[in-house]
Amino acid sequence: MAWVDQARADVRCEWGPVGVTEVPADVVVVIDVLRFTTAVDAAVGHGVAVHPYRWRDASAAAFASSVGAVLADGQTASLSPESLLALDPGSSVVLPSPNGSTCAALAAERGATVVAACLRNAAAVGAWLALRGGTVTLVPCGERWPDGSLRPALEDLLGAGAVIAALPGARSPEAAAAEAVWESSADRLPEVLAGCASGRQQHARGWDADLAFASRVGASGCVPVLVDGRFVDAAG
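Reading the values: the criteria
- Residues numbered from 1 in each chain as written.
- Predicted model: local features only at pLDDT ≥ 70, side-chain atom pairs only at ≥ 80, totals over all residues.
- Heavy atoms only, no water.
- Helix = DSSP H or I, 4+ residues; strand = E, 2+ residues; numbered from the N terminus.
- Salt bridge = Lys/Arg side-chain N within 4 Å of Asp/Glu carboxyl O.
- Buried < 20%, exposed > 50% of the residue type's maximum accessible area, 1.4 Å probe, protein only.
- Pairing = 2+ DSSP bridges.
- Polar contact = N/O pair within 3.5 Å; in protein donor to acceptor, adjacent residues only side chain to side chain.
- Contact = heavy atoms within 4.5 Å.
- Phe/Tyr/Trp six-rings, centres within 6.5 Å; stacked < 30°, edge-to-face > 60°.
- Lys NZ or Arg CZ within 6 Å of the ring centre and 35° of its normal.
- Core = buried A, V, L, I, M, F, W, Y, C linked by side-chain atoms within 4.5 Å.
- Axes fitted to C-alpha atoms, helices over the stretch in contact; angles between N-to-C directions.
- Parallel < 35°, antiparallel > 145°, perpendicular 65-115°, else oblique.
- Nonpolar A, V, L, I, M, F, W, Y, C, P; charged D, E, K, R; others polar.

Structural notes on unusual backbone geometry
Part 1: With an omega of 20°, the peptide bond running from L34 to R35 counts as cis.
Part 2: Along the polypeptide, R35 turns up in the loop between β2 (27-31) and α2 (36-45).

What follows is the structure, given as structure tokens:
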């Protein structure tokens, strides 16, 4: 697939919150594989609406109460994707996340259609986007260094590349590079994820089950789209 300069590209890829605000698009696809957008996909695919929330502090509980949702605070539910499968279909959950939720909120403020993608639903998201047309910016959210600066995260770049691989249209150089990284890694994905910085962190925290869950490429046909402040399934 040919690539062109960013200004003329149909498909673009930029990192983190600044990427959202600096590269306008009709659709912004947020990718935070470990663990926000994988958790969103798990919940929404299970029939649970997800309210993203930017802060992990006392205000999250008040927000959850205001929208009649369960707070993913590590008790009834958490950012662990499989914990969300225990919630009742038709219910709602608030997922605090400074990376994925922040990018989703910023994109919504700019009037874009906001989609949550991960490795599990990348093909479904790509197919849905291919039918819509318009410009698409993939936003791998990344993680944070101790000083608060953005740490580019390989797993998010792979998620972006997996979606891009399913899209038509001219790619920006950044989008073409993300697609190439995906294509070079897809056949050894579990090994790559386990060995990358975020994968090693997951293992150190005892979150190997979450890592395995996130690695199941194509396991989901869900397309979580942000509607009125909550992610719901547009594929259904």
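Topic: the pattern of salt bridges
Part 1: Counting across every chain of the model gives four salt bridges.
Part 2: Across the pair D210 and R35 runs a salt bridge, and its minimum N-O distance is 2.7 Å. In this pair, D210 is assigned in helix α10 (residues 208-214) and R35 in the loop between β2 and α2, connecting sequence segments 175 residues apart.
Part 3: By relative accessible area, D210 is classed as buried at 5%.
Part 4: Put simply, R54 and E109 hold a salt bridge, and the shortest N to O gap is 4.0 Å. Of this pair, R54 sits in the loop between β3 (49-53) and α3 (58-67) while E109 sits in helix α4 (residues 100-109), placing them 55 residues apart in sequence.

Some words on the pairing of strand β10 (residues 224-227)
Part 1: Examined bridge by bridge, β10 and strand β11 (residues 230-233) share four bridges and lie antiparallel to one another. Bridging from a neighbouring strand, P224 pairs with D233 of β11.
Part 2: Counted along the chain from β10 to the antiparallel partner β11, the turn is two residues long, and its residue D228 has a positive phi close to 55°.

Description of the side chain of T37
Part 1: On the secondary structure map, T37 appears in helix α2.
Part 2: Residue classification places T37 among the buried residues on the basis of a relative accessible area of 0%.
Part 3: Looking at T37, its side chain comes within polar contact range of the main-chain nitrogen of D32, at 2.9 Å.
Part 4: In this view, T37 contacts V30, I31, D32, A116, A117 and C118; residues no more than four positions away in its chain are not counted.

Considering the packing of aromatic side chains
Part 1: Scanning the model with the defined rule gives two aromatic pairs in all.
Part 2: Relative to W55, the ring of Y53 has its centre 5.7 Å away and its plane inclined at 75°; by these criteria the two rings are edge-to-face.
Part 3: On the numbers, 4.8 Å between centres and 20° between planes, the contact of Y53 with F63 is stacked. Of the two residues, Y53 sits in strand β3 while F63 sits in helix α3, which places them 10 residues apart along the sequence.
Part 4: A residue is classified by how much of its surface remains accessible, and Y53, at 13% relative accessible area, is buried.
Part 5: Feature note: the residues Y53, W55 and F63 constitute an aromatic cluster, connected by ring pairs.
Part 6: For R35, the ring lying beneath its charged end belongs to W207, and the centroid distance is 3.7 Å.
Part 7: Sitting over the ring of F213, R120 keeps its end group 3.8 Å from the ring centre.

Side note on α4
Part 1: Along α4, seven of the 10 residues are buried, which leaves the element largely enclosed by surrounding structure.
Part 2: Turning to α4, its buried residues number three or more, namely G100, S101, T102, C103, A104, L106 and A107.

What to know about the nonpolar core
Part 1: If you look at the biggest cluster of nonpolar residues, it comprises 34 residues, and the most contacted ones within it are V29, V115, L119, V125, L129, L138 and V163.
Part 2: A total of six residues in this core trace back to one element, the largest contributor, which is helix α6 (residues 154-164).
Part 3: Leaving out residues up to four positions away in the same chain, V115 has contacts with V27, V28, V29, V30, V125, W128, V223, P224, V225 and F231.
Part 4: If you look at the next biggest cluster of nonpolar residues, it comprises 29 residues, including A77, L95, C103 and A104.

Notes on the packing of α6 against helix α7 (residues 173-185)
Part 1: As a packed pair, α6 and α7 sit with axes 7 Å apart at the nearest point and diverge in direction by 100°. In terms of orientation, α6 lies roughly perpendicular with respect to α7. Note on element contacts: α7 touches α6 through A175, A178, E179, V181, W182 and S185, opposite L154, L157, L158, G161, A162 and I164.
Part 2: Broken down by class, the residue content of the contact of α6 with α7 amounts to nine nonpolar, two polar and one charged.

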